[in-house]
Amino acid sequence: MIKKITSLFCLAVLAGVTAFAQSTPKKPLTHDVYDSWKKMEKPMLSDNGQYCSFEINPQKGDGWLHLATPDLARHDSLYRGQGAVFSSSNDLLVFRIVQPADTLRKLKLAKKKKDEMPKDSLGIWMLAKDSVLRFPGLKSFQLPREGGAWVAWLYEKPKPKEKEKKPVADSLQKAGADTLVAKPKVNTEKPKDKKKKKGAFADIETANLSLFNPVSGKQFEYENVTESAFAKNGSILTFITLKKDSIDSVAVKVFDTRSLKLQTIFERPGYAKKITNTIDGKQVAFLYTQDTAKVKRYGLYLWEGKTQDAQLIADTSKAGIYSGWEVSENGNLNFAEDGSKLYFGTA
């Protein structure tokens, strides 16, 4: 029902925006016009009903992200904006700014690798100030469903440019007008380092995590992050870091968005994933393994706000797991709404 109301509302806004088009003469339909056809996508209404956002995208090429008020007293658009989400505080519109479609097409035809492709950017539209903040290198972003104007995103730092090699001086130096003296050669080559042994989880992608509140101006940065998750009420952001070495080590951290304090609830050699929180942010669960073999066995860990560290609650050694079965790394991991149960898969 809510989705239907949102769509009808945005359609009404769109109808007002495009009403002038009705008076223009109709063009004959040919195959050339297909690429110019446009469609409205992803209509969204802010919680307080004061704003509506939607995308107008062509069949081929770059589209526009639109922001409007019900009375059309305000109507703005931003080029190449996609996947917008309003903050629960109704003062932010957060979205992805994608790369130009033509640029990406040329690079794909040139068979460029994934890491050579230009990255999207994060856009944060501050509605009260009517200003847009942009952050490059975006991988993903998220907002809490409730609890203020916090935004978290994973991003890649731009790779440092390689220093230009200086030309090597000739080994012959001029001593006089007509005399050449050989300059002694000095061996400047560094001994070749032995290849560093990779850990079992070296292929897992990590990124930088930025946690930002544009209203208060508070921002926090963390490195080597694999995944993160907000509690629904926005009270905590949990995330996992992976430090790669010959023996990889993992840490699970909890950031309290109210006290602005960070707590490490788990740290061991190995790898963790599928972090999830209760609605109120008082419990955290995740999967962990220290196996380095190709086929890995995971244990299920639980942290409750009263305890300092996360505790193992399910694996092959625990009662309740049938003989020959184990915690599945591919199953969903979810808490019940009231936090009294934790659902996980076995295989």
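Up top is the structure these notes are about.
Quick caveat: nothing in here was measured; it's all calculated off a predicted structure.

Chemist: Can you help me understand the sheet that holds strand β3 (residues 64-68) in this one?
Modeler: Each strand in a sheet pairs with its neighbour through backbone hydrogen bonds, running either in the same direction (parallel) or in the opposite one (antiparallel). With antiparallel pairing, four strands are arranged side by side in an open sheet as β1-β2-β3-β4. Taken across any chain shown, the strands that pair with only one partner, and hence form the sheet edges, are β1 (38-45) and β4 (75-79). When strand polarity is set aside, the average angle formed by the axes of neighbouring strands in this sheet is 20°. Sheet analysis places β1 next to strand β2 (residues 52-58), joined by six bridges and oriented antiparallel. From the neighbouring strand, K38 faces β2, where its bridge partner is P58.

Chemist: When you look at the sheet that holds strand β17 (residues 271-277) in this model, what are you seeing that I'm missing?
Modeler: Sheet architecture is open: four strands sit in the order β17-β18-β19-β20, paired in antiparallel fashion. Each end of this open sheet is capped by a strand with a single partner; those strands are β17 and β20 (311-314). Pairwise comparison of adjacent strand axes, ignoring direction, gives a mean angle of 35° for this sheet. Here strand β18 (residues 283-289) runs beside strand β19 (residues 299-304); their pairing, made up of six bridges, is antiparallel. Along β19, the bridge assignment pairs Q283 with E304.

Chemist: Would you mind going over the pairing of strand β8 (residues 131-142) with me for this structure?
Modeler: Every other side chain in a regular strand lies on the same face of the sheet, so the side chains alternate between the two faces. Pairing between strand β7 (residues 120-126) and β8: six bridges, direction antiparallel. The partner of L122 across the bridge, within β8, is F135. In textbook terms, the turn of a hairpin is the stretch between consecutive antiparallel strands, and for β7 and β8 this stretch comprises four residues, one of which, D130, has a positive phi near 55°. In terms of strand pairing, β8 meets strand β9 (residues 151-155) through four bridges, oriented antiparallel. For L138, the partnering residue across the bridge sits in β9 and is Y155.

Chemist: Teacher, can you tell me more about the side chain of T226 here?
Modeler: For T226, the position within the fold is in strand β13 (residues 218-230). Other than its neighbours up to four places away in sequence, T226 contacts L154, I204, E205, T206, I240 and L242.

Chemist: Quick question: what am I supposed to make of the packing of aromatic side chains here?
Modeler: For any pair of aromatic rings, the description consists of the separation of the ring centres together with the inter-plane angle of the planes. Tallied over the full model, the rule gives 15 aromatic pairs. Where W153 meets F212, the ring centres are 6.4 Å apart and the plane angle is 80°; that geometry is what we call edge-to-face. In this pair, W153 is assigned in strand β9 and F212 in strand β12 (residues 207-213), connecting sequence segments 59 residues apart. Using a relative accessible area of 9% as the deciding quantity, one classes F212 as buried. On the basis of an interplanar angle of 90° and a centroid distance of 5.6 Å, the ring pair of Y288 and Y301 is categorised as edge-to-face. Here the residue Y288 occupies a position in strand β18, and Y301 occupies one in strand β19, the gap between them amounting to 13 residues. Y288 sits in the buried class, given a relative accessible area of 4%. Through a chain of ring-to-ring contacts, three or more aromatic side chains come together here, namely F266, F286, Y288 and Y301.

Chemist: Is there a simple way to explain the pairing of β7 in this structure?
Modeler: Counting buried residues along β7, seven of its seven residues qualify, which places the element largely inside the surrounding structure. Where burial is concerned, the two faces of β7 agree: the one with D120, L122, I124 and M126 and the one with S121, G123 and W125 are both buried. Where strand β6 (residues 92-97) meets β7, six bridges bridge the pair, whose relative direction is antiparallel. Bridge assignment links L93 to a residue of β7, and that residue is W125.

Chemist: Honestly, the environment of D71 in this entry has me stumped. Any pointers?
Modeler: Structurally, D71 is set in the loop between β3 and β4. Linking D71 and Y51, residues 20 residues apart in sequence, is a C-alpha distance of 9.9 Å. A distance of 2.9 Å separates a polar atom in the side chain of D71 from a polar atom in the side chain of T69. Among the polar contacts made by the side chain of D71, one reaches the main-chain amide nitrogen of A73 at a distance of 3.0 Å.

Chemist: In this structure, what is going on with the pattern of salt bridges? I would like to understand it.
Modeler: Close approach of charged atoms allows side chains with opposite charge to pair. Here the structure, examined in full by the defined rule, presents eleven salt bridges. For E156, the salt bridge is made with K119, and the minimal N-O distance between the two is 3.8 Å. Placement of the pair is E156 in the loop between β9 and β10 (172-174) and K119 in the loop between α2 (101-109) and β7, with a sequence separation of 37 residues. Judged by its relative accessible area of 25%, K119 is partly exposed. Residue E329 pairs with K273 through a salt bridge whose shortest N-O separation is 2.7 Å. Of the two residues, E329 sits in the loop between β20 and β21 (334-335) while K273 sits in strand β17, which places them 56 residues apart along the sequence. Linked by salt bridges that have partners in common, K119, K139, E156 and E205 make up one network.

Chemist: I would appreciate a short explanation of the nonpolar core in the present structure.
Modeler: Most often, soluble globular proteins keep nonpolar side chains buried together rather than apart. Core analysis: the largest hydrophobic core is formed by 17 residues, its most contacted members being V252, I265, F266, I275, V284 and F286. Of all the elements in the fold, those that place two or more residues in this core are β14 (236-243), β15 (249-256), β16 (261-269), β17, β18 and β19. When near neighbours in sequence (up to four residues on either side) are disregarded, V284 contacts I236, T238, V254, I265, I275, T276, N277, Y301, L302, W303 and F335.

Rules and cut-offs
Residues numbered from 1 in each chain as written. Predicted model: local features only at pLDDT ≥ 70, side-chain atom pairs only at ≥ 80, totals over all residues. Heavy atoms only, no water. Pairing = 2+ DSSP bridges. Helix = DSSP H or I, 4+ residues; strand = E, 2+ residues; numbered from the N terminus. Axes fitted to C-alpha atoms, helices over the stretch in contact; angles between N-to-C directions. Contact = heavy atoms within 4.5 Å. Phe/Tyr/Trp six-rings, centres within 6.5 Å; stacked < 30°, edge-to-face > 60°. Buried < 20%, exposed > 50% of the residue type's maximum accessible area, 1.4 Å probe, protein only. Polar contact = N/O pair within 3.5 Å; in protein donor to acceptor, adjacent residues only side chain to side chain. Salt bridge = Lys/Arg side-chain N within 4 Å of Asp/Glu carboxyl O. Core = buried A, V, L, I, M, F, W, Y, C linked by side-chain atoms within 4.5 Å.

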